[in-house]
Amino acid sequence: MSERKTPSRTNRTQISRRDFLKVGAAAGGGLFLEFAVPSAGGAKTGVSAGHEFSPNAFIRIDRKGAVTLIMPQVEMGQGIYTSIAMILAEELDVRLETVTLEAAPPNDALYRNPVLGFQVTGGSTSIRAFWMPLRRAGASARAMLVEAAAQDWKVEPAVCSTAAGAVIHATSGRRLPYGSLVDRAAQLKPPANPTLKTLADFRLVGTAARRLDTPEKVTGKALFGIDALPPGVKFATLIASPVLGGRVIRVDDATARAMPGVRQIVVLDDLVAVVADHTWAAKQGLDSLNITWDDGPNANVTTEEILEQLKAASLRTGVVAKSVGDVATALNVANRVEVTYQVPFLAHAPMEPMNCTVHVKPDGCEIWVGNQVLTRTQAIAAEITGLPKDKVIVHNHLIGGGFGRRLEVDGIAKSVRIAQKVDGPVKVTWTREEDIQKALYRPFYFDRFEVALTGAKITAWKHRVVGSSILARWAPPAFVNGVDRDAVEGAVNLPYDVPNFHVEYVRQEPPGIQTQFWRGVGPTHNVFVTESLVDELAHRAGKDPVSFRRDQLGRAPRLLACLDLVASKAGWGQVLPRRVGRGVAIQDVFGTNLATVTEVEVDEQGEVYVKRVVCAVDCGIVVNPDTVVAQIEGGMIFGLTAALHSEITLAKGRIQQSNFNNYRMMRINEAPKIEVHLIRSVEAPGGIGEPGTAAAAPALANALFAATGVRLRKLPVDRKALAAGKSA
Amino acid sequence: MIDLQINGEIKHVDAPDRMPLLWVLRDLLGLTGTKFGCGIAQCGACTVHLNGNAVRSCVLPIGSIGTRAITTIEGVRATPSGASVQQAWLAAEVVQCGYCQSGQIMSASALLTTTPHPTDAEIDAAMAGNICRCGTYVRIRAAIKSAAQLAAMRGTDGDRTDNV
Amino acid sequence: MTLLSGRLRFPFYAAGAVSAAVFIYFLWIVLGPGPMHFVGGKRVPIGTYGAGDPTGVPEVLSRAPLIERGRYLARAADCEACHTSKDGVPYSGGRAFVLPFGTLYSTNLTPDPETGIGRYTNTDFLKVLHRGIGLGGKRLYPAMPYASYTYMSDADALAIKAYLFTLQPIRMEGPQTNLKFPFNQRWLMGIWAFIFNPDKRFEPNAQRDAQWNRGAYLAEAMAHCGECHTPRNLLQALNNRAKFSGTAQAGWRAYNITPDRASGLGDWSDADIANYLITGHADGHGTAAGPMGEAVDDSFKYLTQADAAAIVAYLRSVPAVATRDLPRPKTRVAPSSAEEGVAGNVSPLGKAVYAGACASCHGWSGVSPVMAVATLTGVRAVNDPTAINVAQVIISGALGHNGVDTANMPAFGDAYSDEEIASVANYVTARFGARTSALTAENVAKLRASD
Ligand code: FES
Ligand code: FES
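Residues numbered from 1 in each chain as written. Chains lettered and ligands numbered in written order. Predicted model: local features only at pLDDT ≥ 70, side-chain atom pairs only at ≥ 80, totals over all residues. Heavy atoms only, no water.

**Examining the packing of helix 14 (residues 388-396) of chain C against helix 16 (residues 441-450) of chain C**
Between two packed helices, what matters for the description is the angle formed by their axes and the separation of those axes. Residues and elements named next belong to chain C. At a minimum axis distance of 10 Å, the contact between helix 14 and helix 16 shows a crossing angle of 65 degrees. Of the two elements, helix 14 crosses helix 16, and the hand of that crossing is right-handed. Packed against helix 14, whose contacting residues are Ile388, Ala391, Gln392 and Ile395, the element helix 16 presents Val444, Leu447, Arg448 and Ser450 at the interface. Taken together, the residues of the contact of helix 14 with helix 16 break down into five nonpolar, two polar and one charged. (Axes fitted to C-alpha atoms, helices over the stretch in contact; angles between N-to-C directions. Helix = DSSP H or I, 4+ residues; strand = E, 2+ residues; numbered from the N terminus. Left-handed = near helix turned anticlockwise from the far one by under 90°. Contact = heavy atoms within 4.5 Å. Nonpolar A, V, L, I, M, F, W, Y, C, P; charged D, E, K, R; others polar.)

And the structure:
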């Protein structure tokens, strides 16, 4: 993976519509299309790209017929390079293998997300964002290639068809490959309204195409950031202050210096790194250091203290995120429930530990890393080194799991600061302990509810979300009017018909810990708390949890269909053995409707065995069904892992978890069977990377209630409570 | 100097006896297919074969290896079950981010070498030491079973599948 | 099974019978033998023992400065383990000793005048070390092994003091010891000391050679092995009738170190024992963890080979005592297939946990595929049907010793439930040990609380 040139084209540009597509000749021959894709935040928040045409994606078809799409999104294992290539190949009518995808180089001017103000991949938004623009671009290019051929043959374009990268005149049997038509097509005016294929015409979209990025991943050839080995590279590992905001006072490095292979000890204000001939020597050296820290103002932070602050904040009135009807009056009924829920801090712990290779020279800086925010990477390196941005070259690599962690540049900043002290390139690898303990975490949320039930209907719903704001720190322009849209996502769009509905947000930043997006973002917490509470209400109303939900989904026919399908596939209503239970949860987040039934068994000691998970998904038109299923499966395991095992806690300002022995991951022998049923849909595609994660905890918690009668109002699952039969 | 037999070649390595094999492979020999995930034998990302058995290279001191043959993901295709496992992995679309998959494939191919037709329980026992954060477990189970069938076919029909 | 509760449980008889029984028992206790009584023979003053002086530092250090000799001896006496709290500065005290009747905290041994030993004169120091009497006449609890240290020569004790006075003074007021009545009555310890502390310095045994005498001095006056490995009577004094036959300590089992074949060290070679002391590991027998792991790290690993060999010689001379519940360790290696070896119905949860968290290092055969220290076959703890130490090491992990290992045993206590830990411990004893344990989740909860 090397850096790529910004796409170039000649000046003869044809504009179809000011805000849609530009077409021209590519430098060196061929057809070049520029178009705009509303990126992550744009798709998510519905804000348009603005009135000016600013293309951020580019298609080049060369004289050999090879198609290249250059775009801001990066591949992180979510399979988007395959799915996006499928969309383009479909409308362009070329074989999938002829499409190559290239990640764009860092360039905010070209690839900026209009809402967030910079270039970013994330939020289960890639397919949603690309779907229409890419289809229209593909269809336009195809129309122009047809027109070019028709001119050549002197026939009407309408009598020509396309297949497998060629234009065909059926009556005469003539055939011209795209490559031979690109130069002529580049001179044409793009159609104002290209005709898109109908669903019935799709021959690629909706089929299980092979992932393009996998062959290298099964042979060990794929290069992740951690695999970068520029010539002359040295190896380092680091320890940052165990307490956020702490400082190094003194380092006794006598032993380390004498160790074979150890080259250099870099002491910075807030961290110490050992540079060596290999990572093992660096680690040995680091372990032998005797470092005295000044823990600073967060020296005594504990999780208990943070929880107390959140609880206190939950008694404050928040900023209104959504309000319908008159909740205050409607709450004035007999059957009224007041409950609180809470979810803990979580680490991302991607399998590839944080790492970054940097070479700082007087006149430039080179970075080898895998991450989701290339321009931020470039900017932070420029800021630290004082170099102009264009002197910072970023080689982006495959990402060994992001889950949100690689939307941050904290590790890049640390690595660049270390590299400034090192002669030549240096690869900084975090130990797993450092990766888990000096990270940013999913927020600790505390939720306060007041709800009213009239008969078997929810008539009032007041939900106060309390937690830190990631957006306010990470993308200040997106933090509008004091509401963190991410923190309330899944809460404001509750699918049920509740006449009096009120959601508030209270921002409460914890001391001594920073928070950050985590796979499933806001909904991982909101779907858990709302769907658990809806389950509580069903039982209070004496109704079956599925029919209680059914009766209140008038506004959500797609979700209702999912619920019905999952109930029948899971065998809902069957009599189950003692201490076996099934739980249901539904959600409409990330543009995808998902209903889940989870079956668990709980032994007398409170040990939980997740047996089976059944999902019914309507994610709109499915581009690659196999990828959808894989993402639901993986998202579900990710969410179950957190619900069953994960919690980051602090004592004396320090994160207490460190590696997989105490920050536990679900293993294959704990993993349930997962069945995913896709619903045929003609709606626009929804996001699929995160819904499974959001669905895991609520369906599990509801199943645990069914099995034991214990309602868990906080995560992770409390086995002692399940054993004792007490709600917690 | 220690001599190690890696993927059929002898490598001379200038490193301390107690240095774990993982770092010799990655940092000294540039064989980066073997991954670092935890360093404490809890995740399996670093799995290699030692005389055909799956071991965690992050805790394996090179001084203890002696003349035993080391196979890494770069060389597993040449082992009896390696190619079948790789092929089954692609057919089942197991891979997501891919970072854990070198280790998964090494564990799976070691399993199939000793247990050509593993039961679910045998798969669970052999694979439980390999964490996949992307959650590909469901497919790993399926892929191991189809790899077992592939290997059986290979046994009768010879090597028919080359496109890994 | 009552684990380690140590609670006093009096059978209730008629009052007269009770007093008589109590009196007889009391006499039996009071008249119990001293730690070196077993060997018989004649003890002589150091000066008159012909084969040399068994006290002091080894030959190599004989000309070293006082401070250096003091450091060797302080390590040999393992002051650090007890006088350092978790994550605390060495020797600054504050380590908690949880007893059934309250919690004791160790004191600060750095020379800080307010909170440490900075104001101790030589006489004060000897008084506390030999007699358990602190500044101002404060009586110490026998958690401080002064009934062992009392055998230490004045010269050695003062060398230790000289070394401690070179430490960086740390101002560290540890938590106050807080015991229930009547255990909070420190004066009672005066009576205890009167009965149980011989208050005598070491005297060589004229019938034994120099190595034995050196070993006796190191084991009794310095390493105070008996404090953990000898069972105690109801008055918390060592019951030397069952010397070194093993007992429970801080939630761990301190095993039988007598020459008994099945339950003691009878199957260990001299080299095995010496290696175990110095490296924390003996091939085929196991790796030190828990309190013994600390003893290796803070003390034994600093001993010279000759001193370790002397301790071995002394251990070999102790009468063999069998521990009834400890079978001879199984040395046969388990099958390398997970599906063989243990019946499927034995602890399926334990097997699942083992497969995920343990098999990578320990293997299915029990012989580690990666590092010798992780081999389970033949290990005492694995062949202990109470599985107490197996559970403890799972809960709190074990550090490598002497830095020779590539990884430590991680602590799993925070992420695995009591049930999972009990199950995997039972699976381990079933698969690799001579007898299957039946640890329960409740037992594990107690073990967690006792450490
Ligand atoms: S890196 Fe070796 S098992 Fe995790
Ligand atoms: S595929 Fe990403 S960790 Fe397994």
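**Here we look at the interface of chain B and chain A**
Listed by partner, the interface residues are 49 residues for chain B and 62 residues for chain A. Between chain B and chain A, the buried area comes to about 4,600 Å², and carbon and sulfur atoms account for 59% of it. On inspection of chain B and its partner chain A, the count reaches four salt bridges. The partner of Arg26 of chain B in a salt bridge is Asp227 of chain A, with the nearest N and O atoms 3.0 Å apart. The tally of links between chain B and chain A comes to 20 residue pairs in polar contact (both at pLDDT 80 or more). Sort the elements by how many residues they give to the side of chain B that touches chain A and helix 5 (residues 137-157) of chain B lands first, with five residues. Residue composition of the side of chain B that touches chain A, by class: 26 nonpolar, 13 polar and ten charged. (Buried area = accessible area lost by both parts, 1.4 Å probe. Salt bridge = Lys/Arg side-chain N within 4 Å of Asp/Glu carboxyl O. Polar contact = N/O pair within 3.5 Å; in protein donor to acceptor, adjacent residues only side chain to side chain.)

**Focus: the interface of chain C and chain A**
Across the boundary between the two partners, chain C contributes 18 residues, which contact twelve residues of chain A. Around 1,200 Å² of area is buried between chain C and chain A when both sides are counted, 46% of it from carbon and sulfur atoms. Counting the contacts that link chain C with chain A gives two salt bridges. Salt-bridge contacts for Glu420 of chain C lead to Arg664 of chain A; the nearest nitrogen and oxygen are separated by 2.8 Å. In this assembly, chain C and chain A are joined by six residue pairs in polar contact (both at pLDDT 80 or more). For the side of chain C that touches chain A, the secondary-structure elements that each account for two or more residues are helix 13 (348-362), helix 15 (418-432) and helix 16 of chain C. A per-element tally of the side of chain C that touches chain A places helix 13 of chain C first, with five residues. Residues of the side of chain C that touches chain A, tallied by class, amount to ten nonpolar, three polar and five charged.

**Here's the deal with unusual backbone geometry**
Look at the link from Leu715 of chain A to Pro716 of chain A: it is a cis peptide, with omega at -5 degrees. Its place among the elements puts Pro716 of chain A in the loop between helix 19 (691-708) and helix 20 (719-724). Residue Pro182 of chain C is reached from Phe181 of chain C by a cis peptide bond, and omega for that bond is 5 degrees. Note that Pro182 of chain C resides in the loop between strand 3 (178-179) and helix 7 (188-196). Of note, Asp199 of chain C is a non-glycine position whose phi angle comes to about 50 degrees, a positive value. Relative to the helices and strands, Asp199 of chain C is located in the loop between helix 7 and helix 8 (210-222). Taking relative accessible area as the criterion, Asp199 of chain C reaches 34% and is therefore assigned partly exposed. (Buried < 20%, exposed > 50% of the residue type's maximum accessible area, 1.4 Å probe, protein only.)

**Points about the sheet that holds strand 29 (residues 673-678) of chain A**
Residue and element names in this part refer to chain A. If you walk across this open sheet you meet the four strands as 24-25-26-29, and the pairing is mixed. Either end of the sheet is taken by a strand with one partner, and the two such strands are strand 24 (580-589) and strand 29. The sheet shows a mean angle of 15 degrees between the axes of neighbouring strands, taken without regard to direction. Examined bridge by bridge, strand 25 (residues 592-602) and strand 26 (residues 608-618) share ten bridges and lie antiparallel to one another. (Pairing = 2+ DSSP bridges.)

**What about the domain arrangement of chain B?**
All names here are of chain B. Looking at chain B, the domain boundaries give domain 1 (2-71) and domain 2 (76-154). Here domain 1 and domain 2 have C-alpha centroids that lie 20 Å from each other. On the side of domain 2, twelve residues touch domain 1, which itself brings 15 residues to the contact. Summing both sides of the interface, domain 1 and domain 2 together bury roughly 1,100 Å²; the carbon and sulfur share of this comes to 54%. Summed over the shared surface of domain 1 and domain 2, the number is zero salt bridges. Linking domain 1 to domain 2 there are seven residue pairs in polar contact (both at pLDDT 80 or more). Listed by contribution, the elements that provide at least two residues to the side of domain 1 that touches domain 2 are strand 3 (47-50) and strand 4 (53-56). (Domains from an automatic or database assignment.)

**A look at the pattern of salt bridges**
All told, the structure shown has 64 salt bridges over all chains when counted by the stated rule. Notably, a salt bridge pairs Arg558 of chain A with Asp618 of chain A, separated by 2.7 Å at the nearest N-O pair. Taken together, the residues Arg558 of chain A in helix 17 (residues 557-570) and Asp618 of chain A in strand 26 connect sequence positions 60 residues apart. Of the residues examined, Asp618 of chain A reaches a relative accessible area of 4% and is grouped as buried. Residue Arg139 of chain B is joined to Asp626 of chain A by a salt bridge in which the shortest nitrogen-to-oxygen separation is 3.1 Å.

**Thoughts on the environment of Gly424 of chain A**
All names here are of chain A. Along the chain, the position of Gly424 falls in the loop between helix 11 (410-419) and strand 20 (426-429). For Gly424, a relative accessible area of 12% gives the class buried. In the structure, Gly424 is positioned 64 residues away from Val360 in sequence and 7.1 Å away in space, judged by C-alpha atoms. Each residue touching Gly424, except ones within four places of it in the same chain, is listed here: Val358 and His359.

**Some details on helix 14 of chain C**
Residues and elements named next belong to chain C. The element helix 14 is largely enclosed, with a buried count of eight among its nine residues. All of the buried residues along helix 14 are Ile388, Asn389, Val390, Ala391, Gln392, Val393, Ile394 and Ile395. Following helix 14 by one or two positions, Gly397 has its phi on the positive side, about 75 degrees.

**Structural notes on empty space enclosed by the protein**
Residue and element names in this part refer to chain A. Overall, the coordinates contain ten cavities of 30 Å³ or more when judged by the stated rule. Size it by volume and the largest cavity reaches roughly 100 Å³. Looking at the largest cavity, it is lined by 13 residues, and the ones nearest its centre are Leu346, Arg442, Ala642, Ala697 and Leu715. For the lining of the largest cavity, the elements supplying multiple residues, two or more each, are helix 18 (625-645) and helix 19. Sorting elements by how many residues they give to the lining of the largest cavity places helix 18 first, with three residues. (1 Å grid on protein atoms, 1.4 Å probe; cavity = no way out; pocket = protein on both sides within 12 Å on 5 of 7 lines; lining within 4 Å. Points joined across faces, edges and corners; volume = space filled by probe spheres on them.)

**Let's talk about the nonpolar core**
Of all hydrophobic cores here, the largest spans 218 residues; its most connected members are Trp461 and Leu700 of chain A, Leu4 and Trp89 of chain B together with Tyr354 of chain C. Looking at which element gives the most residues to this core, the answer is helix 18 of chain A, with ten residues. Those residues in contact with Tyr354 of chain C that sit more than four places away from it in its chain are Ala359, His362, Gly363, Trp364, Leu376, Val424, Tyr427, Val428 and Phe432 of chain C. Counting residues in hydrophobic clusters, the runner-up holds 73 residues, among them Phe125, Ile273, Ile311 and Tyr314 of chain C. (Core = buried A, V, L, I, M, F, W, Y, C linked by side-chain atoms within 4.5 Å.)

**Let's talk about the confidence of the model for chain A**
Residue and element names in this part refer to chain A. Mean pLDDT over chain A stands at 88; residues scoring 70 or higher make up 90%. Under a pLDDT of 50 for its full length, residues 1-13 has, in the predicted model, 36 contacts with residues more than four places off or in other chains. Below a pLDDT of 50 lies the segment residues 15-19, which in the model reaches 13 contacts outside its immediate sequence neighbourhood of four places, other chains included. (pLDDT = per-residue confidence, 0-100.)

**Describing the packing of aromatic side chains**
Counted according to the given criterion, the structure contains 22 aromatic pairs over all chains. When the ring of Trp474 of chain A is compared with that of Phe517 of chain A, the centres are 5.1 Å apart and the planes differ by 85 degrees; the resulting orientation is edge-to-face. A residue pair is termed long-range when its members are at least 10 positions apart, and Trp474 of chain A in helix 13 (residues 470-474) and Phe517 of chain A in the loop between strand 23 (500-507) and helix 15 (521-540) qualify at 43 residues. Judged by its relative accessible area of 4%, Trp474 of chain A falls in the buried class. Here Phe517 of chain A falls in the buried class, since its relative accessible area comes to 7%. Consider the rings of Trp268 of chain C and Tyr276 of chain C, whose centres lie 5.2 Å apart with planes at 80 degrees: the pair is edge-to-face. For the pair formed by Trp268 of chain C and Tyr276 of chain C, the shared burial category is buried. (Phe/Tyr/Trp six-rings, centres within 6.5 Å; stacked < 30°, edge-to-face > 60°.)

**Quick look at the side chain of Ser437 of chain C**
Residue and element names in this part refer to chain C. Relative to the assigned elements, Ser437 resides in the loop between helix 15 and helix 16. Ser437 gets classed as buried once you look at its relative accessible area, which sits at 5%. A polar atom in the side chain of Ser437 sits 2.6 Å from the side chain of Asn426. Within the structure, Ser437 has its side chain in polar contact with the side chain of Thr429 (distance 2.8 Å). For Ser437, the contacting residues outside a window of four places in its chain are Pro385, Thr386, Ala387, Ala425, Asn426 and Thr429.

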